[in-house]
Protein chains: 2
Amino acid sequence: MTIKEVAEKFNMTNDTLRYYEKVGLIGPVKKNSSGIRDYSDNDLRRIEFIKCMRSAGISIEVLKKYVDLYEKGDSTKLERQHLLEEEQEKLEEKIKTMTDALDKLKYKIELYKTDKLDKYL
Amino acid sequence: MTIKEVAEKFNMTNDTLRYYEKVGLIGPVKKNSSGIRDYSDNDLRRIEFIKCMRSAGISIEVLKKYVDLYEKGDSTKLERQHLLEEEQEKLEEKIKTMTDALDKLKYKIELYKTDKLDKYL
DNA sequence: ATAGCATTTAGAGTCTAGTCTAAGTCAATA
DNA sequence: TATTGACTTAGACTAGACTCTAAATGCTAT
């Protein structure tokens, strides 16, 4: 699969794909005889995972750490699990924070709708 | 209330408070005779709102727009309501995205815990 | 009244995560 | 064969949101 196809499939830019490869989140992707990337199924699986985690706000730094551990083999399984568990906690907290904000936002909108808005921002 | 007290109360830095003031999210905050900020209750209310919305990822640009509309008076009520409704939608989508990622993360952790991990990242 | 810490300003610097540019290579088409 | 368009690289640039610096001034305790 070419970079263009992958980019379209996952709705991201060629640049981002090359950037992820440069920082080591994926690849190095195999290149054909004339130096053009040809993404494998395995590459696609990784990109999907990375994209999903990024969309949840997990930093590239953390994802890189996870990938590096994976590359080191089975001996890092427990460490990887712990890393993911930490990110799970952070993510749960973030979702809670956002849900709280959403509730406040909804409440404020309700005040607007019912014209009960006070004088404050 | 001094800038330090406010910063502590909301767990943010003096710099961030001055920055928010500079870009017009709050204030201008009243200063005492020797030029030192003295935050009013109203300032605190705003800061709390801004902080809550920022923690949900709403951009400074959008918040600034909301504040500016507020400053223009009652005639902007409907526009403000619409702005908030848009942010509500965006926020709901973001929470959904993050919840989906969280589910995948939990599933992956479960694979680690039960040692059913396949060969992929 | 002098030390030592907090506050002020303007403006520069930092960090993250891309995004863009320039210069070059390649394959397919007019 | 010349052009077009996609791809390549290294490296510069950007946006957003702070965060830090320097130099000046103010407050408090000794």
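Computed from a prediction, not measured in an experiment: that's the story for all the values here.

Cut-offs used in this document
- Residues numbered from 1 in each chain as written.
- Chains lettered and ligands numbered in written order.
- Predicted model: local features only at pLDDT ≥ 70, side-chain atom pairs only at ≥ 80, totals over all residues.
- Heavy atoms only, no water.
- Least-squares fit on C-alpha atoms with pLDDT ≥ 70 in both.
- Contact = heavy atoms within 4.5 Å.
- Near = heavy atom within 4 Å.
- Polar contact = N/O pair within 3.5 Å; in protein donor to acceptor, adjacent residues only side chain to side chain.
- Helix = DSSP H or I, 4+ residues; strand = E, 2+ residues; numbered from the N terminus.
- Nonpolar A, V, L, I, M, F, W, Y, C, P; charged D, E, K, R; others polar.
- Phe/Tyr/Trp six-rings, centres within 6.5 Å; stacked < 30°, edge-to-face > 60°.
- Lys NZ or Arg CZ within 6 Å of the ring centre and 35° of its normal.

Visitor: So, the relation of the copies chain A and chain B: which residues are in play, and what are the values?
Guide: The two copies are related by a screw motion: chain A maps onto chain B through a turn of 180° and a shift of 0.0 Å along the axis, at an RMSD of 0.1 Å. Expressed as a symmetry operation, the mapping of one chain copy onto the other fits a two-fold axis. Considering only C-alpha atoms, the part of chain A nearest the rotation axis is isoleucine 95 of chain A, at 3.1 Å. The overlap is high: 100% of the interface residues of chain A also sit at the interface in chain B, so the same surface is used on both sides.

Visitor: Go over the protein's contact with DNA strand D with me, naming the residues and quoting the values.
Guide: Around DNA strand D sit 18 residues in total, of which Lys31 and Arg37 of chain A together with Tyr20, Ser34 and Arg54 of chain B are the nearest. Near the protein, within 4 Å, the atoms of DNA strand D are sugar or phosphate in 78% of cases. Within the contact set of DNA strand D, a phosphate oxygen lies 3.3 Å away from a side-chain nitrogen or oxygen of arginine 18 of chain A. A distance of 3.4 Å is found between a phosphate oxygen of DNA strand D and a backbone nitrogen or oxygen belonging to isoleucine 60 of chain B. Elements with a minimum of two residues in the surface near DNA strand D: α1 (3-10) and α2 (14-22) of chain A together with α2 (14-22) of chain B. It is α2 of chain B that provides the largest number of residues to the surface near DNA strand D, a total of four residues. Of the residues assigned to the surface near DNA strand D, the class counts are five nonpolar, six polar and seven charged.

Visitor: Tell me about the protein's contact with DNA strand C, and please be specific about residues and values.
Guide: If you check the shell around DNA strand C, you find 18 residues, and the closest are Asp15, Tyr20 and Arg54 of chain A together with Lys31 and Arg37 of chain B. The protein-proximal atoms of DNA strand C, defined as those within 4 Å of the protein, are 77% sugar or phosphate. Taking tyrosine 20 of chain A, its side chain carries an N or O atom lying 2.8 Å from a phosphate oxygen of DNA strand C. Arginine 18 of chain B places a side-chain nitrogen or oxygen 3.2 Å from a phosphate oxygen of DNA strand C. Counting only elements with at least two residues in the surface near DNA strand C, the list comes to α2 of chain A together with α1 (3-10) and α2 of chain B. No other element matches α2 of chain A, which puts four residues into the surface near DNA strand C.

Visitor: Can you break down the packing of aromatic side chains residue by residue, with the values?
Guide: Evaluation of the coordinates by the stated rule reveals four aromatic pairs over all chains. Seen from their ring centres, phenylalanine 49 of chain A and tyrosine 66 of chain A are 5.9 Å apart, and the 45° between their planes marks the pair as tilted. Of this pair, phenylalanine 49 of chain A sits in helix α3 (residues 41-55) while tyrosine 66 of chain A sits in helix α4 (residues 60-72), and the two are 17 residues apart along the sequence. The residue whose ring lies beneath arginine 45 of chain A is tyrosine 120 of chain B, and the NZ or CZ to ring-centre distance is 3.6 Å. Over the face of the ring belonging to phenylalanine 49 of chain A we find lysine 108 of chain B, whose NZ or CZ atom lies 5.0 Å from the ring centre.

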